Amino acid sequence: MSFPWAQQYTPQNPVMQWVDERLPLPRLVYNAVGAGYPVPRNLNYFWNFGVLAGAALMIQIITGIILAMHYAANVGVAFNSVEHIMRDVPAGWFIRYAHMNGASFFFIVVYIHMFRGLYFGSYKAPREMIWLLGVVIFLLMMATGFMGYVLPWGQMSFWGAQVITGFFSAIPVVGEPLRQWLLGGFAPDQAALNRFFSLHYLLPFVIAGVIILHIWALHIPGSSNPTGVHVKAEADTVPFHPYYTAKDGFGLGVFLIFFVAVTFFAPNMLGHPDNYIPANPLSTPAHIVPEWYYLPFYAILKAFTVDFGIPFTGIVIIPAKLMGVLAMFGSILLFFFLPWLDTSPVRSGNYRPLFKKFFWFGLVPAVVILGICGAMPAEQPWVLLSQIAAAYYFAHFLIILPIISRIEKPLPLPNSITEAVTGKPLELAAA
Amino acid sequence: MATVKKTKKASENAAPAAEVQGEEPVRRRDFIHIAAISFAGVGAGAVALPVLGTMSASADVVALSSIEVDVSKIEAGQAIKTSWRKQPVFIRNLTAEEIKAANSADVGAMRDPQTLAERTQPGKENMLITLGVCTHLGCVPLGAAAGEVKGEFGGYFCPCHGSHYDTAGRIRKGPAPLNLQVPEYTFLSDTIVKIG
């Protein structure tokens, strides 16, 4: 599906004609990321990050396959096999540092991609399905990243696995058996390491599959744009190729500069030195911190320190531990409901004065504060700060967004994308 | 294509004919459909259970279930860490003051009310044997080794998320929901304890 003015695939080369008649794969590519996909003409650089996330996934898959050729998922040798990659395998240090930092950069570009979606209302009708699939990809990424972090079997690997599988023990009645089933034992050990390796290898391909659905769903209504106004005519669009292939290519170059700069010059900047100590089940590091990309959610987990119950009776309805775990999962799962919480028909935050204020002065600082608190020990003032920020985070999505959607008076929208870009009405500009 | 369309039309014509006679009669084929799908479902379930079961703790992991520890060398005020089922166990010889502190605390106000006597064995109330696994998210609390922080209540302190345990290993402050777990154990002699 595409706009009626989309260019048709007409192969000139007889070989391509022969292929296209038997397996229309070139046609599929042409219509998906070629000249056959008309895209709004006014996309800004925030629209590069979907392609960058795809590139980051490819980097992870390629470096990961190479690492798996040298890595051994056995608690006795896992740590040493990683050191073997770092010291003995030719360019092994490069592949491993690229994979380590590739994970961080994958999350950086995906967070910017999500930020774009949140600010420009990309989750709104008719693009809800794209957003929902994106949340699924995000959850899969978090699971994959966690299991990958366990594989080197360092101290943070082990204790990260202990803490994260501990989330499941918060579930009443079935929690502890469920945790033992997930780990295949009473604590993280050989069984857990082996299955995490298996799943860590599998999930990126599942992610790739969901990305195909994500792009498929995107191509039904076509890309959104910074004004949030629908495409009305051919003059509002340009073909994806060469316009956005060139722009994305440029963006990819900038992305790779940052990526290799960190990989070569500060490869351990985003990691924890504790993970260069072999796992020791009898000694917890003084300060367990997850990788930076989980910090805001970790802060929400830590923000719940008291049981939720009936005051003065001592009756506990939800223990603090379960509350923290529910809130942490809830903070992500509520993204699934976002398209129906924000009911304003105006997509772009640029035309929503109230939304914009709460977004920049509420949601963004709340997430930044949660990120900082997540890295801090469970002491005051960090606990109180994370409690305030977590309260705002939930209030923003569950209370503030639905209310401002109703009371806000949006700014006048341009009549068309072309008018927003050229200042002239669509028909005149087209002519 | 043409033949497919034809059969479709035929079935469309057949449906209203049945409706005219009132309720659609139960056909033999309906029964076969339901029976076949149900049986396939039962089969899938029967296969899924052992497949998922493969992820449970294996026999060798379960087999390592008990250990024997000599506690004669633990002086009052000291504790040792040992490993049971791949998890740390704290064996602590409480001092008289620590026992007093544990017994004088208000049990009723605790999150997981238990007395020291309920958490130790008669005649061995100074020997506090608990898992060294925080009941919050499974970190190893500090306080067993010399020089480690013991938290606000002089027992154990979990550095991960700030849970404080008292000298009876009971949760007093922080996010952990339960007291440090007391494993099953028996004193084989005055100095040898069997855990598990």
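Positions within a chain are numbered from 1, following the residues in the order the chain's sequence is written. Whichever chain is written first is A, and whichever ligand is written first is 1; the rest continue in order. Local features in this predicted model are restricted to residues whose pLDDT is 70 or higher, and side-chain atom pairs enter the listing and the counts only when it is 80 or higher, whereas totals over whole chains, interfaces and linings include all residues. For the side-chain quantities, the full set of heavy atoms in the structure was used; hydrogens and water were omitted.

**Regarding the overall build of chain B**
Under the convention used in this document: What counts as a helix is a DSSP run of H or I of at least four residues, what counts as a strand is a run of E of at least two, and both are numbered from the N terminus. Partly exposed describes any residue whose relative accessible area lies between the buried limit of under 20% and the exposed limit of over 50%, with all areas from a 1.4 Å probe on protein chains only and scaled to the type maximum. Throughout, a residue-residue contact means that at least one pair of heavy atoms, one from each residue, lies within 4.5 Å. Values of accessible area rely on a 1.4 Å probe in the Shrake-Rupley scheme; residue burial ignores everything except the protein chains shown.
Scanning chain B for helices and strands turns up 5 helices and 9 strands. Along the chain direction, N to C, the helices and strands of chain B fall in the order α-α-α-β-β-β-α-α-β-β-β-β-β-β. Each of the 196 residues in chain B was classed as buried or not, and the buried ones make up 36%. In chain B, once contacts between residues fewer than 6 apart in sequence are set aside, the share between residues at least 24 apart is 52%. Just so you have it, chain B exposes about 11300 Å², and 60% of that area is on carbon and sulfur atoms.

**Here's the deal with empty space enclosed by the protein**
Residues and elements named next belong to chain A. Quick note on the threshold: Here the term cavity refers to a set of points on a 1 Å grid, laid over the protein atoms alone, in which a 1.4 Å probe fits but cannot get out; the term pocket refers to an open set having protein on both sides within 12 Å along at least five of seven lines, with lining residues being those that place an atom within 4 Å of a point. Grid points are joined across faces, edges and corners, and a volume is the space filled by probe spheres set on the points. Any residue that is not Ala, Val, Leu, Ile, Met, Phe, Trp, Tyr, Cys, Pro, Asp, Glu, Lys or Arg is counted as polar, Gly included; the first ten are nonpolar and the last four charged.
A complete count under the given rule lists 4 cavities of 30 Å³ or more for this structure. Looking at the largest cavity, its volume works out to about 770 Å³. Looking at the largest cavity, it is lined by 36 residues, and the ones nearest its centre are Gln60, His99, Gly148, Tyr149 and His200. At the level of secondary structure, the elements contributing two or more residues to the lining of the largest cavity comprise α3 (49-70), α4 (78-87), α5 (92-119), α6 (128-150) and α9 (190-218). Per-element tally for the lining of the largest cavity: the top contributor is α3, with 7 residues. A breakdown of the residues in the lining of the largest cavity according to their chemical character gives 23 nonpolar, 11 polar and 2 charged. Here the second largest cavity defines a volume of roughly 70 Å³. In this structure, the second largest cavity is lined by Ala299, Lys302, Ala303, Cys373, Met376, Pro377, Ala378, Glu379, Trp382, Val383 and Ser386. Elements that contribute at least two residues to the lining of the second largest cavity include exactly α11 (295-303) and α15 (382-407).

**Thoughts on the packing of α6(A) against α9(A)**
Residue and element names in this part refer to chain A. As a reminder of what qualifies: Geometry is summarised by axes, namely lines fitted to C-alpha atoms with helices restricted to the contacting stretch, and by angles between N-to-C directions that run from 0 to 180 degrees. Our angle categories are set so that under 35 degrees counts as roughly parallel, over 145 as roughly antiparallel, 65 to 115 as roughly perpendicular, and the remainder as oblique. Two helices that cross are described as forming a left-handed crossing if the nearer one is turned anticlockwise from the farther one by less than a right angle, and a right-handed crossing if clockwise.
Running from N to C, α6 and α9 point in directions that differ by 160°, and their axes come no closer than 9 Å. It follows from the interaxial angle that α6 and α9 lie roughly antiparallel. As α6 packs across α9, the resulting crossing turns out to be left-handed. Of the residues in the contact of α6 with α9, the class split is 23 nonpolar, 5 polar and no charged.

**Here we look at the pattern of salt bridges**
Residue and element names in this part refer to chain A. Spelled out, the test is: Salt-bridge detection follows one rule: a side-chain nitrogen of Lys or Arg within 4 Å of a carboxyl oxygen of Asp or Glu.
Here the structure, examined in full by the defined rule, presents 13 salt bridges over all chains. With its nearest N and O atoms 2.7 Å apart, the salt bridge here joins arginine 27 to aspartate 20. Its relative accessible area of 10% is what places aspartate 20 among the buried residues. Through salt bridges with shared partners, a single network forms among Lys124, Asp342, Arg352 and Glu408.

**A word on the nonpolar core**
Note the following rule: To form a nonpolar core, buried Ala, Val, Leu, Ile, Met, Phe, Trp, Tyr and Cys residues must be joined to one another through side-chain atoms within 4.5 Å.
Among the nonpolar cores identified, the biggest contains 115 residues, and A:Tyr71, A:Trp131, A:Phe138, A:Ile288, A:Phe335, A:Tyr393 and A:Phe397 are the most heavily contacted of them. At 14 residues, the largest contribution of residues to this core is made by α6(A). Aside from chain neighbours lying at most four places away, what touches A:Ile288 is A:Met156, A:Trp159, A:Val163, A:Tyr298, B:Cys139 and B:Cys160. Ranked by size, the runner-up nonpolar core spans 14 residues in total, among them B:Val89, B:Ile91, B:Leu131 and B:Tyr185.

**Remarks on the layout of surface pockets**
All names here are of chain A. Within this model, the second largest pocket holds a volume of roughly 820 Å³. Lining the second largest pocket are 31 residues, with Met142, Ala143, Phe146, Ile164 and Phe168 positioned closest to its centre. Elements represented by at least two residues in the lining of the second largest pocket include exactly α6, α7 (155-166), α9, α11 and α12 (320-333). It is α6 that provides the largest number of residues to the lining of the second largest pocket, a total of 7 residues. In terms of residue class, the lining of the second largest pocket is made up of 26 nonpolar, 3 polar and 2 charged.

**A look at the interface of chain B and chain A**
Note the cut-off: When two parts are brought into contact, each loses some accessible area as probed by a 1.4 Å sphere; the total of that loss over both is the buried area. Pairs of N or O atoms are called polar contacts if they sit within 3.5 Å, as long as, within protein, a hydrogen donor faces a hydrogen acceptor (for residues adjacent in sequence, only side-chain-to-side-chain pairs).
Taken together, the contact between chain B and chain A spans 28 residues of the former and 32 residues of the latter. When chain B packs against chain A, close to 2400 Å² is buried across both sides, 63% of that on carbon and sulfur atoms. Taken together, the links from chain B to chain A amount to 0 salt bridges. At the junction of chain B and chain A, the tally comes to 3 residue pairs in polar contact (both at pLDDT 80 or more). Of all the secondary-structure elements, those providing two or more residues to the side of chain B that touches chain A are β2 (79-84) and β3 (87-93) of chain B. Among the elements that line the side of chain B that touches chain A, the one with the most residues is β2(B), at 3 residues. For the side of chain B that touches chain A, the class distribution of residues is 12 nonpolar, 12 polar and 4 charged.

**With respect to the domain arrangement of chain A**
Interface size is commonly expressed as the accessible area that is lost once the parts come together. Residue and element names in this part refer to chain A. Just so we agree on the cut-off: Just so you know, the domain bounds were taken from an automatic or database domain assignment.
Structurally, chain A comprises domain 1 (30-230 + 237-288) and domain 2 (295-339 + 357-431). Here domain 1 and domain 2 have C-alpha centroids that lie 22 Å from each other. At the junction of the two partners, domain 1 supplies 30 residues and domain 2 supplies 30 residues. Both faces considered, domain 1 and domain 2 share a buried interface measuring about 2500 Å² in area, 82% of it formed by carbon and sulfur atoms. Sorting the residues of domain 1 by area buried against domain 2 places Arg41, Phe167 and Val229 first, and these three jointly supply 22% of that buried surface. Taken together, the links from domain 1 to domain 2 amount to 0 salt bridges. If you look at where domain 1 meets domain 2, you find 1 residue pair in polar contact (both at pLDDT 80 or more). Going through the elements one at a time, α5, α6 and α7 are the ones with two or more residues in the side of domain 1 that touches domain 2. When residues of the side of domain 1 that touches domain 2 are assigned to their parent elements, the largest contribution, 8 residues, is made by α6. Across the side of domain 1 that touches domain 2, the residue classes break down as 21 nonpolar, 7 polar and 2 charged.

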